[in-house]
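# Structural description and commentary
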Amino acid sequence: MDKVSIVIPCYYEEKSLPFFYKEINKITKEMVSVEFEIIFVNDGSIDKTLDIMKDYAHIDKRVKYISLSRNFGKESALYAGLENSTGDFIAVMDADLQDPPELLKQMYDVLINEDYDCVATRRVNRKGEPPIRSFFAKCFYKIINKISNADIVDGARDFRLMRRSVVDAILQMKEYNRFSKGIFGWVGFNTKWLAYENVERIAGETKWSFWKLFRYSIEGIIAFSTVPLVISSFIGLIFFIISLIMICFIMARTFIHGDPVAGWPSLVCIIFFVSGIQLFSTGILGQYLAKAYMETKNRPIYIIKESNLE
Ligand code: UDP
Ligand code: MG
């Protein structure tokens, strides 16, 4: 009998967990030919999330819980769940029912009957999302796909079912700055995409503010592309060429017209402009350096405080 592990990262999900468990319990009971393992990862929330998980573990021996020592972020929580999963197939889903559990059946059928290693999902629309957020999201996907070699699908959710081999590949990527969407794309394998209409979260609130998403997208770009560095060197080159032309022009003008002292406003503008560009480029460099610095520390991706793993 095949074993399917379901990994669910949870951060302040006391309101949505009961709905989630009810749904997942129903679906998993319907899939009689499969053995299940449900791994809840508490990503440092200090509300009732962990207590609820423990209650479920009591009444349902398929339930495992892992509680991290603090909030490590969804990406790390996912890693914790994947690393401690034992199934032949591993599903990853959110706790807020934005990932419809009934799709699991269809996903499992695909992996059993077709030649795919992974079934991923994407939402076809962004109904219920602020338009400005959708706009920036679209821009982000356009940019990152142009400048990185990780194939990142617009609207892709983290909800997916993978074979063990795919998960093993993901676990080999032990980087500290984890951008899951990029990592999933980077490891390759045959992926089938299922599309569905966006579903709004069942209860509680999203933990992603606009700025958090913005920072996350910058991290994604830095983690999967070095093109910003190329761009800043390119801008440097262009300015070098412009300055050569200007030097020639000014020397010629001085020889012809003498040296009238004028034009300091333009000088100030140029200094401001160029030093702005310089700081910008140093900033880009600094971002990469900071990431490299964090990676060299080789810190653990997550720390478990308590769990019911054997
Ligand atoms: N999550 C997490 N750690 C965090 C933030 C979120 O484990 O620091 C979990 C959260 O509990 C949920 C999933 O990641 O199961 C997606 O979060 P959310 O629904 O807030 O994001 P959205 O769906 O709005 O993108
Ligand atoms: Mg959500």
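Values in this document were obtained by computation on a predicted structure and should not be read as measured data.

Counting its secondary structure elements, the chain contains ten helices and eight strands. Taking 2.2 N^0.38 as the reference for a compact globule, 310 residues should give roughly 19 Å; the C-alpha atoms of the chain span a radius of gyration of 25 Å, well beyond that estimate. Across the 310 residues in the chain, those meeting the buried criterion constitute 43%. Excluding contacts between residues fewer than 6 apart, the proportion of contacts in the chain whose partners are at least 24 apart in sequence is 84%. Here the chain has roughly 17100 Å² of accessible surface; of this, 63% comes from carbon and sulfur atoms.

Okay, helix 4 (residues 103-113) next. Within the sequence span of helix 4, burial applies to Leu103, Leu104, Met107, Tyr108, Val110 and Leu111. Burial along helix 4 is one-sided: seen end-on, the buried residues are contained in an arc of 155°.

Looking now at the site of ligand 1. Ligand 1 sits among 16 residues. The nearest are Glu13, Asp43, Asp96, Gln98 and Thr206. Take tyrosine 11: an N or O atom from its main chain is 2.8 Å from an oxygen atom of ligand 1. For ligand 1, whose unbound accessible area comes to 520 Å², protein coverage reaches 90%. Class assignment for the residues of the shell around ligand 1 results in five nonpolar, four polar and seven charged.

Looking now at the layout of surface pockets. What the second largest pocket holds in volume is close to 430 Å³. Considering the residues around the second largest pocket, the lining is formed by 16 residues, among which Ile250, Arg253, Ala262, Gly263 and Ser266 are closest to the centre. Every element with two or more residues in the lining of the second largest pocket is listed here: helix 9 (227-257) and helix 10 (264-296). Here the lining of the second largest pocket gets six residues from one element, more than from any other, and that element is helix 9.

On to the packing of helix 1 (residues 17-30) against helix 2 (residues 49-59), then. Across the interface, helix 1 lies against helix 2 with an axial gap of 11 Å and an inter-helix angle of 25°. Taken as axis vectors, helix 1 and helix 2 run roughly parallel relative to one another. Our pair here, helix 1 against helix 2, has a crossing hand that is right-handed. Where helix 1 approaches helix 2, its residues Leu17, Pro18 and Tyr21 are matched on the opposing element by Thr49, Ile52, Met53, Tyr56 and Ile59.

Here we come to the coordination of the magnesium ion (ligand 2). Angles between donor atoms at a metal ideally measure 109.5 degrees for a four-coordinate tetrahedral arrangement and either 90 or 180 degrees for a six-coordinate octahedral one. Coordination of the magnesium ion (ligand 2) by the protein comes from Asp96 (OD) and Gln98 (OE1), over a distance range of 1.9 Å. The exposure classification of aspartate 96 matches that of glutamine 98, with both residues buried.

A separate point is helix 3 (residues 74-83). Of all the ten residues making up helix 3, eight are buried; the element is thus mostly covered by neighbouring parts of the structure. All of the buried residues along helix 3 are Glu75, Ser76, Ala77, Leu78, Tyr79, Ala80, Gly81 and Leu82.

This part takes up the sheet that holds strand 7 (residues 191-196). Pairing is mixed across the open sheet formed by eight strands, whose spatial order is 7-5-6-4-1-2-3-8. At either margin of the open sheet sits one strand with a lone partner, and together these are strand 7 and strand 8 (304-307). Looking at each pair of strands side by side, their axes are set apart by 20° on average, direction ignored. Sheet analysis places strand 1 (residues 2-10) next to strand 2 (residues 34-42), joined by nine bridges and oriented parallel.

About the criteria used
- Residues numbered from 1 in each chain as written.
- Chains lettered and ligands numbered in written order.
- Predicted model: local features only at pLDDT ≥ 70, side-chain atom pairs only at ≥ 80, totals over all residues.
- Heavy atoms only, no water.
- Helix = DSSP H or I, 4+ residues; strand = E, 2+ residues; numbered from the N terminus.
- Rg over C-alpha atoms; globule rule 2.2 N^0.38 Å.
- Buried < 20%, exposed > 50% of the residue type's maximum accessible area, 1.4 Å probe, protein only.
- Contact = heavy atoms within 4.5 Å.
- Areas by Shrake-Rupley, 256 points an atom, 1.4 Å probe, with all protein chains shown as cover.
- Arc of directions from axis to C-beta.
- Near = heavy atom within 4 Å.
- Polar contact = N/O pair within 3.5 Å; in protein donor to acceptor, adjacent residues only side chain to side chain.
- Nonpolar A, V, L, I, M, F, W, Y, C, P; charged D, E, K, R; others polar.
- 1 Å grid on protein atoms, 1.4 Å probe; cavity = no way out; pocket = protein on both sides within 12 Å on 5 of 7 lines; lining within 4 Å.
- Points joined across faces, edges and corners; volume = space filled by probe spheres on them.
- Axes fitted to C-alpha atoms, helices over the stretch in contact; angles between N-to-C directions.
- Parallel < 35°, antiparallel > 145°, perpendicular 65-115°, else oblique.
- Left-handed = near helix turned anticlockwise from the far one by under 90°.
- Donors = N, O, S within 2.8 Å, 3.2 Å for Na, K, Ca; no water.
- Pairing = 2+ DSSP bridges.

The values reported here are purely geometric and, on their own, carry no functional implication.
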